[in-house]
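Residue-level structure breakdown
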2 protein chains.
Amino acid sequence: MQMKATVPITAADIKSACSQCNLLELCLPFGMNEHEINRLDELVGTRRKVKRQQHLYRAGDPFEAIYAIRIGWFKTDVVLEDGREQVTGFQMTGEMLGLDGISTEAHSCNAVALEDSEVCVIAYDKLEELSREVEGLQHQFHKVMSREIVRDHGVMMLLGSMRAEERLAAFLLNLSQRFTARGFSAAEFHLRMTRDEIGSYLGLKLETVSRAFSRFQDDGMIAVQQKHIRILDPEKLRKLIQHPVAVR
Amino acid sequence: MQMKATVPITAADIKSACSQCNLLELCLPFGMNEHEINRLDELVGTRRKVKRQQHLYRAGDPFEAIYAIRIGWFKTDVVLEDGREQVTGFQMTGEMLGLDGISTEAHSCNAVALEDSEVCVIAYDKLEELSREVEGLQHQFHKVMSREIVRDHGVMMLLGSMRAEERLAAFLLNLSQRFTARGFSAAEFHLRMTRDEIGSYLGLKLETVSRAFSRFQDDGMIAVQQKHIRILDPEKLRKLIQHPVAVR
DNA sequence: GGGTGAGTTTGACGTGGATCAATGGAGCCC
DNA sequence: GGGCTCCATTGATCCACGTCAAACTCACCC
């Protein structure tokens, strides 16, 4: 009900086609054969544009579809009654959103665009239907869900067992690796999120994030200029995680 | 390969049947109709006993099956190269284990029995096969995976945004609720895990867990005697989470 | 061009939880 | 029944990160 209001003029009704999409290698179709991918075209009905700061969905919205990001960046977060917010993930091109909704048939978190973005809308009932026929789709979908679970465990490790600088190092290396997978530079990129959002994701205050950035810069590991990041010494960042407290 | 070694004499080869199982309401079959559940019996081939402290699977083991807990308790954890351990969950009767393995076809965490336990072994290839035919199974399986994702987000909230006592309160209330769902007392139960394991799960040191228990007891919210817990004032525990810092 | 506001950086200080250390059970085995 | 081992509790101290506050940067707009 509220959903409509969040996509005022921006909803687009363009027919999309996985078989024509250059995100094949990153997105749901990965690992499927040509025939299977052609059948996917039945599935992905429409695209939807979401402007920066707008919600793709909100906690509580009825669950109807999952989304594949074509262009842009999102964050997902959960909010406690008292207003405390926890960012649960940052999603980029080729990644999936909305899997949390299957369990209760309502979304359990918010998904907000960090920049003007566009997603493919995958009607969930159709996805189930088609994945009963197309083995490759079924398998790939299960992998996507499982990967999300594994990712979440990684975040738990980060939040539960690592110190501030280790968390940020892990975060930067993770971003770098995801950019690489998309053919972008591993060493130089723009952050789409604020220090506050990074902090929420990493279980830190924004000041702590900022200080860690500065420290990394002083130590020659990175160059920071606002949201622009250059990774100068990825190996040193990796070591930081493996050998938590430098020399102790 | 290593797997075999971890189930020495305990592996049982008893034919099990979901349709005869009293965990119907809690386990994978939940929400399926009678006909569908009968077909499930094809799926759950064997049971396996796992003694306390033994691994059901280890990170790196090839993924072949998921597991439904019939009897007992498990923990799952991930371990960093430097030995730091993060408990990612505690699983009890009727809950699923092994979903993390689908994504890479190898398990990404360890599953260890906290007491002598027994699981139903669900061969994954058969599960995919059958869930292409049985709509209710497919849907239910997706819900189980999605529920795990939602649960993980809750843990992230806990680790990223809550203080020590809030984390422990949330943990106790969660246990209480899961016991209730199984027909056990909501107010009185035995913990199967040590303070250290609770601490790992909650991102705290064991001393902090112990102190929080003591404080809850002093405040009349619970009665603790080693692993035996009685919840005396669940409402006060809930309030603790909703109104984080008492009077501020 | 200067005013406004959101986001970031940096400093000074406070504190929640970690660390270190000692003591106290409970279960188990000989 | 006494000693061993594992776990839990409690106290004293420390420190990583949070909090509070001020200044700085950049974008945007009138």
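Residues numbered from 1 in each chain as written. Chains lettered and ligands numbered in written order. Predicted model: local features only at pLDDT ≥ 70, side-chain atom pairs only at ≥ 80, totals over all residues. Heavy atoms only, no water.

1. Topic: the packing of helix α3 (residues 124-133) of chain A against helix α4 (residues 135-161) of chain A
All names here are of chain A.
- Direction vectors running N to C along α3 and α4 enclose 125°, while the axes themselves pass 5 Å from each other. The angle between α3 and α4 falls in the class oblique. For the element pair α3 and α4, the recorded crossing hand is left-handed. Across the interface between the two elements, Tyr124, Leu127, Leu130, Ser131 and Glu133 from α3 touch Glu135, Leu137, Gln138 and Phe141 from α4.
- Partitioned by chemical class, the residues of the contact of α3 with α4 number 5 nonpolar, 2 polar and 2 charged. (Axes fitted to C-alpha atoms, helices over the stretch in contact; angles between N-to-C directions. Helix = DSSP H or I, 4+ residues; strand = E, 2+ residues; numbered from the N terminus. Parallel < 35°, antiparallel > 145°, perpendicular 65-115°, else oblique. Left-handed = near helix turned anticlockwise from the far one by under 90°. Contact = heavy atoms within 4.5 Å. Nonpolar A, V, L, I, M, F, W, Y, C, P; charged D, E, K, R; others polar.)

2. Comments concerning the domain arrangement of chain A
Residues and elements named next belong to chain A.
- If you check the domain split of chain A, you get domain 1 (2-158) and domain 2 (163-242).
- Its C-alpha centre places domain 1 at a distance of 25 Å from the equivalent point of domain 2.
- Taken together, the contact between domain 1 and domain 2 spans 18 residues of the former and 15 residues of the latter.
- On the domain 1 side of the contact with domain 2, Trp73, Phe90 and Leu158 bury the most area, a combined 41% of that side's loss.
- Linking domain 1 with domain 2 are 4 salt bridges, by the criterion used here.
- Two residues, Glu95 and Arg178, come together in a salt bridge whose shortest N-O distance is 2.9 Å. (Domains from an automatic or database assignment. Buried area = accessible area lost by both parts, 1.4 Å probe. Salt bridge = Lys/Arg side-chain N within 4 Å of Asp/Glu carboxyl O.)

3. Comments concerning the sheet that holds strand β10 (residues 222-225) of chain B
All names here are of chain B.
- Ordered by their spatial adjacency, 3 strands build an open sheet running β9-β11-β10, and the pairing between neighbours is antiparallel. The open sheet has two edge strands, β9 (188-190) and β10, and neither has a second partner. Strand after strand, the sheet turns through a mean of 15° between neighbouring axes, direction not considered.
- Note: β9 against strand β11 (residues 228-231), 3 bridges, orientation antiparallel. When the bridges of β11 are listed, His190 appears paired with His228. (Pairing = 2+ DSSP bridges.)

4. Observations concerning the pairing of β11(B)
All names here are of chain B.
- Residues Ile229 and Ile231 of β11 are buried on one face, while the alternating residues His228 and Arg230, pointing to the opposite face, are not.
- With 4 bridges connecting them, β10 and β11 associate as antiparallel partners. Pairing of Ile222 across the sheet is with Ile231, part of β11.
- Hairpin connection of β10 to β11: 2 residues between the antiparallel strands, including Gln226 at a positive phi of 55°. (Buried < 20%, exposed > 50% of the residue type's maximum accessible area, 1.4 Å probe, protein only.)

5. Details of the interface of chain A and chain B
- With 47 residues of chain A in contact, the opposing surface of chain B contributes 47 residues.
- Buried area between chain A and chain B, both sides added, is near 4,400 Å², and the carbon and sulfur share of it is 58%.
- Of all residues in chain A, the largest losses of buried area upon contact with chain B belong to A:Arg84, A:Arg132 and A:Met156, amounting jointly to 16% of the total for that side.
- At the boundary of chain A and chain B, one finds 6 salt bridges.
- Every element with two or more residues in the side of chain A that touches chain B is listed here: β4 (73-79), β5 (85-92), α3, α4 and α8 (234-242) of chain A.
- With 21 residues, the single largest contributor to the side of chain A that touches chain B is α4(A).
- Each residue belonging to the side of chain A that touches chain B can be placed in one class, and the counts come to 17 nonpolar, 15 polar and 15 charged.

6. Details of the protein's contact with DNA strand C
- Of all residues adjacent to DNA strand C, which total 17 residues, the nearest are A:Arg195, A:Ser214, B:Ala164, B:Thr208 and B:Arg211.
- Near-protein atoms of DNA strand C (within 4 Å) split between backbone and bases, with sugar and phosphate holding 64%.
- In this structure, A:Arg195 approaches DNA strand C through a side-chain N or O atom, which is 2.8 Å from a phosphate oxygen.
- A distance of 3.3 Å separates a base nitrogen of DNA strand C from a polar atom in the side chain of B:Glu207. (Near = heavy atom within 4 Å. Polar contact = N/O pair within 3.5 Å; in protein donor to acceptor, adjacent residues only side chain to side chain.)

7. Concerning the relation of the copies chain A and chain B
- Mapping chain A onto chain B is achieved by rotating through 180° and translating by 0.0 Å along the same axis, at an RMSD of 0.0 Å. Expressed as a symmetry operation, the mapping of one chain copy onto the other fits a two-fold axis. Of every C-alpha in chain A, the one belonging to A:Arg132 sits nearest the axis of rotation, 2.1 Å from it.
- Most of the interface of chain A is mirrored in chain B: 100% of its interface residues are interface residues there too. (Least-squares fit on C-alpha atoms with pLDDT ≥ 70 in both.)

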